[in-house]
Amino acid sequence: MSRNSLPVHENRSMLELIDSHVHLDDGAFDSDRSAVIERAGCVGVEGMVVPGVDAESWPRIKALCAQDDRLHPAFGLHPMFLRQHVPADVDALSSWLDQDNVVAVGEIGLDFHDQDLDADVQRYFFLRQLRVARERELPVIVHARGALEEVSLTLRRMGGLRGVVHSFSGSLQQARHLWDIGFHLGIGGPVTYPRAQRLRSIVAQMPIEFLLLESDAPDQPGAAHRGERNEPAHVIEVLQCVAALRGETEAQVASATSANARRLFGLDRRNG
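The following refers to the structure shown. These figures come from a predicted structure and were not determined experimentally.

Procedures and definitions
Starting afresh in each chain, residues are numbered from 1 along the sequence in its written order. Given that the model is predicted, a residue must reach a pLDDT of at least 70 before its local features are reported, and side-chain atom pairs must reach 80 or more before they are shown or counted; all residues, however, enter totals for whole chains, interfaces and linings. With hydrogens and water excluded, all non-hydrogen atoms of the structure serve as input to the side-chain values. Burial classes follow relative accessibility: with a 1.4 Å probe on protein chains only, a residue under 20% of its type's maximum area counts as buried, one over 50% as exposed, and anything between as partly exposed. Every helix listed is a DSSP run of H or I at least four residues long, and every strand listed is a run of E at least two residues long, numbered separately from the N terminus. When DSSP finds two or more bridges between a pair of strands, those strands are recorded as paired. Note on handedness: a crossover is taken as right-handed if, strands pointing away from the viewer, the path from the first strand over the helix to the second is clockwise. Here an axis means a line fitted to C-alpha atoms, over the contact stretch when the element is a helix, while the angle between two N-to-C directions is reported on a 0 to 180 degree scale. In this analysis, two residues are considered to be in contact whenever any of their non-hydrogen atoms come within 4.5 Å of each other. Here the expected length of a helix is defined as 1.5 Å per residue gap, with one fewer gap than residues.

1. Let's talk about the pairing of strand 5 (residues 140–145)
Buried residues dominate strand 5, accounting for five of its six residues. Of the strand pairs in this sheet, strand 4 (residues 104–111) and strand 5 are connected by six bridges, and their pairing is parallel. Bridged to Gly106 within strand 5 is Ile141. At this point the chain moves from strand 4, through helix 4 (residues 119–136), to the parallel strand 5, and the crossover so formed is right-handed. Note: strand 5 against strand 6 (residues 163–165), three bridges, orientation parallel. Bridged to Val140 within strand 6 is Gly163. In this fold, strand 5 hands off to helix 5 (residues 148–158), which returns the chain to strand 6; that crossover is right-handed.

2. What to know about unusual backbone geometry
A cis amide bond, omega 15°, links Gly106 with the succeeding residue Glu107. Looking at the secondary structure, you find Glu107 in strand 4. In this structure, the amide linkage connecting Ala217 to the following residue, Pro218, adopts the cis form with an omega of 10°. As for its position among the elements, Pro218 is in the loop between strand 8 (211–213) and helix 8 (235–246). Of note, Glu137 is a non-glycine position whose phi angle comes to about 55°, a positive value. Structurally, Glu137 is set in the loop between helix 4 and strand 5. Note on Glu137: relative accessible area 64%, which makes it exposed.

3. Points about the sheet that holds strand 7 (residues 184–187)
Backbone-to-backbone hydrogen bonds pair the strands of a sheet. The strands run either parallel or antiparallel. Reading across the sheet, the eight strands line up as 1-2-3-4-5-6-7-8 and stay open at both edges, with parallel pairing between neighbours. Two strands close off the open sheet at either side, each with one partner strand: strand 1 (17–19) and strand 8. Mean inter-strand twist for the sheet, computed between neighbouring axes without regard to direction, equals 30°. Pairing analysis gives two bridges linking strand 3 (residues 71–75) to strand 4, with the strands arranged parallel. The residue of strand 4 that forms the bridge with Ala74 is Ala104. On the sheet, helix 5 packs against strand 4, strand 5 and strand 6 and is oriented at approximately 145° with respect to strand 5.

4. Examining helix 8
A rise of 1.5 Å per residue sets the reference length of helix 8, with its 12 residues, at 16 Å; its end C-alpha atoms lie 16 Å apart and thus fit the reference within 8%. With respect to burial, helix 8 is a largely interior element, nine of its 12 residues being buried. Residues Val235, Ile236, Glu237, Val238, Leu239, Cys241, Val242, Ala243 and Arg246 constitute the buried set of helix 8. Those residues of helix 8 hidden inside the fold are in contact with strand 1, strand 7, helix 7 (197–205), strand 8 and helix 9 (250–265).

Treat this as a map of the structure, not an account of what it does.
Structure, rendered in structure tokens:
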């Protein structure tokens with residue numbers, strides 16, 4: 001399927017979706033960003049949360065989100081961009097969060113999959129940003145590749161936090177530990193692959209109040225777009241898969257997950 005073609009879904013116009021994690025500022029969208037946003041709107045994606053990855057990305061995201069009230073900025077320092085961060089960036093982050101339309105601190109977290117990233121330096125930036133989020137009473141968007149156990153323990157130990165672990169790929173027990181402290185799971189393209197049996201089983205039985213849909217575009221395309229650039233319109237395929245796994249209608253899952261995102265990120269308050 002080409003990136004410009006979209007799946008046909010019954011009653012699509014009745015669905016309202018929120019892509020809780022999309023890197024729309026990424027250079028992969030420079031040639032057709034407006035068309036990407038339009039395609040997302042055509043399948044019912046009415047809101048998109050755009051997280052930052054380093055201090056350089058924040059002005060770019062601010063400008064992008066100012067052009068379209070469906071786009072909601074989040075600012076943070078991603079662990080995979082560790083070499084680009086300096087301690088002063090966390091001090092600068094606090095002032096960036098003063099803006100009224102910021103919905104979260106993110107993307108932040110730990111990544112132990114990449115052995116070249118210093119784990120202790122990652123912890124330094126993660127903990128400082130968690131403290132900022134707690135002080136500001138903002139949710140966090142958390143990256144936890146190869147580090148889910150430590151991330152979960154850190155969130156529980158700090159307390160006073162809420163948010164989402166995006167691109168969740170852990171066990172049922174790890175998922176339950178996150179639900180216990182009120183954290184959501186971000187579910188995207190990986191769930192559409194039949195081989196992702198553990199993830200699909202968790203999604204099938206998890207409490208829907210902790211479920212968010214995401215694209216993580218331009219990364220992590222679903223099974224129908226393997227090897228292609230991902231985009232937020234493809235969240236409709238994540239929705240279709242999740243609904244089938246849960247034995248629920250697309251409308252039910254869309255309504256519940258969108259309500260979860262609006263509540264977590266305060267989108268109704270910001271759009272009101």
